[in-house]
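Given next are the chains, with one letter for each unit.
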Amino acid sequence: MARIIVVTSGKGGVGKTTTSAAIAMGLAKKGHKTAVIDFDVGLRNLDLILGCERRVVYDFINVINGEASLNQALIRDKNCNLLYILPASQTRDKDALTQEGVGKVLDELSKDFEYIVCDSPAGIEKGANLALYYADDAFVVTNPEISSVRDSDRMLGILSSKSRRAERNEEPIKEYLLLTRYDPDRVRLGEMLSLEDVQEILSLELLGIIPESKSVLSASNAGMPVILDEKSEAGQAYADVVARYLGEKLPHRFIDGKQGFLKRLFGGRK
């Protein structure tokens, strides 16, 4: 059976799709057959970041509705033959997603893939809930700003209460923190929460820190997951995330150890 990963957050614009593409590519590059699914019905951006937008013929909703087979809809990545993309529909409503339909697609994918990455839309609406419902692991993506962290904290409650694992009283979804757009200089100036601040609020296992980097935008515009840009700090950071997730012990990079904003604000009080 495949391991199902949901990439989620409470707030939009934190880098979920960038993260989904990078993680899926990283797992595939490590030799694991991986599928990545775009749950953002009506918008569809994952195919752009993976550079396959012109190859989309059928989509996730076509498969759920029986209008196409899974093999017809899956797109093999041009950079790695172990990575496949299942794009979202741009023309359907989010209500076209059903729990039964999503479950059937995931069950079919699980027969042939080692990892399934679910790129969740932001917030707590239907698409986001279905993206996390079947998850085994959750990558909670947040920016180092208080509104983003607060919304991620709310998502933790949903992960613990509205998943299939919770309904069946099984082992909870394994939750990991992924901190994106981190800038140590802005942390020093008190303009951004520090890693310590974020961990104090969320209390999650840290999987990785992705530094603020122009290479993320450049890679997205080129239709290439930033993890393939091995010279960029963001690419290296995502590679570290994948390695840690697969069990490697690596030190965290791109961190500044200066005192954080919350600690200065409250005078060091815990």
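Before reading on, note that the structure itself is shown above.
Basis of the calculations
Residues numbered from 1 in each chain as written. Predicted model: local features only at pLDDT ≥ 70, side-chain atom pairs only at ≥ 80, totals over all residues. Heavy atoms only, no water. Pairing = 2+ DSSP bridges. Helix = DSSP H or I, 4+ residues; strand = E, 2+ residues; numbered from the N terminus. Contact = heavy atoms within 4.5 Å. Axes fitted to C-alpha atoms, helices over the stretch in contact; angles between N-to-C directions. Buried < 20%, exposed > 50% of the residue type's maximum accessible area, 1.4 Å probe, protein only. Parallel < 35°, antiparallel > 145°, perpendicular 65-115°, else oblique. Left-handed = near helix turned anticlockwise from the far one by under 90°. Nonpolar A, V, L, I, M, F, W, Y, C, P; charged D, E, K, R; others polar. Phe/Tyr/Trp six-rings, centres within 6.5 Å; stacked < 30°, edge-to-face > 60°. Salt bridge = Lys/Arg side-chain N within 4 Å of Asp/Glu carboxyl O.

**Considerations on the sheet that holds strand E5 (residues 115-119)**
Move 1: The strand order across the open sheet built from eight strands is E3-E4-E2-E5-E1-E6-E7-E8, with neighbouring strands paired in mixed fashion. Two strands in the sheet have a free side with no partner beyond their single neighbour: strand E3 (75-76) and strand E8 (205-211).
Move 2: Pairing of strand E6 (residues 137-142) with strand E7 (residues 174-182), which is carried by six bridges, proceeds in the parallel orientation. Residue pairing for E7: Val141 is matched across the bridge by Leu178.
Move 3: On top of the sheet, helix H10 (residues 195-202) reaches E6, E7 and E8; it is set at about 150° to E7, its chief contact.

**Observations regarding the pairing of strand E2 (residues 34-38)**
Move 1: Burial analysis of E2 places five of its five residues in the buried class, the great majority of the element.
Move 2: Of the two faces of E2, the one carrying Thr34, Val36 and Asp38 and the one carrying Ala35 and Ile37 are both buried.
Move 3: The pairing of E2 with strand E4 (residues 83-86) spans four bridges and is classified as parallel. In the sheet register, Val36 faces E4, and the bridge partner there is Ile85.
Move 4: Sheet topology places E2 next to E5; five bridges connect them, and they run parallel. Opposite Ile37, over in E5, you have Cys118 as the bridge partner.

**Overview of the packing of helix H1 (residues 16-29) against helix H12 (residues 233-245)**
Move 1: Remark: H1 packs on H12, axes separated minimally by 9 Å, with the N-to-C direction vectors making an angle of 60°. By the angle between their directions, the pair H1 and H12 is classed as oblique. As for how H1 packs across H12, the hand of that crossing is right-handed. Where H1 abuts H12, its residues Thr18, Thr19, Ala22, Ile23, Gly26 and Leu27 lie against Tyr238, Val241, Val242 and Tyr245.
Move 2: Tallied by class, the residues present in the contact of H1 with H12 amount to seven nonpolar, three polar and no charged.

**Re the packing of aromatic side chains**
The geometry of two aromatic rings is summed up by the distance between their centres and the angle between their planes.
Move 1: In this structure the tally under the stated criterion is seven aromatic pairs.
Move 2: An angle of 85° between the planes, with centres 4.7 Å apart, marks the rings of Tyr133 and Tyr134 as edge-to-face. Across this residue pair, the class does not change: Tyr133 and Tyr134 are buried.
Move 3: Summarising the aromatic geometry, the rings of Tyr176 and Tyr245 are spaced 5.9 Å apart at their centres and angled 80° between planes, so their arrangement reads as edge-to-face. Here Tyr176, found in strand E7, pairs with Tyr245, found in helix H12; they are 69 residues apart in sequence, far enough to count as distant. For the pair shown, Tyr176 and Tyr245 are each scored as buried.
Move 4: Feature note: the residues Tyr115, Phe139, Tyr176 and Tyr245 constitute an aromatic cluster, connected by ring pairs.

**Quick look at unusual backbone geometry**
Move 1: For Asn169, which is not glycine, the phi torsion reads 55° and is therefore positive.
Move 2: Along the polypeptide, Asn169 turns up in the loop between helix H8 (164-167) and E7.
Move 3: In this structure, Ser203 takes a positive phi of about 50° despite not being glycine.

**Things to note about the pattern of salt bridges**
Move 1: Enumeration according to the criterion identifies 14 salt bridges in this entry.
Move 2: Arg188 is paired through a salt bridge with Asp185; the nearest N and O atoms lie 1.8 Å apart. With Arg188 and Asp185 both in helix H9 (residues 184-188), this residue pair falls three residues apart, about one helical turn.
Move 3: Exposure remark for Asp185: the relative accessible area of 44% places this residue in the partly exposed category.

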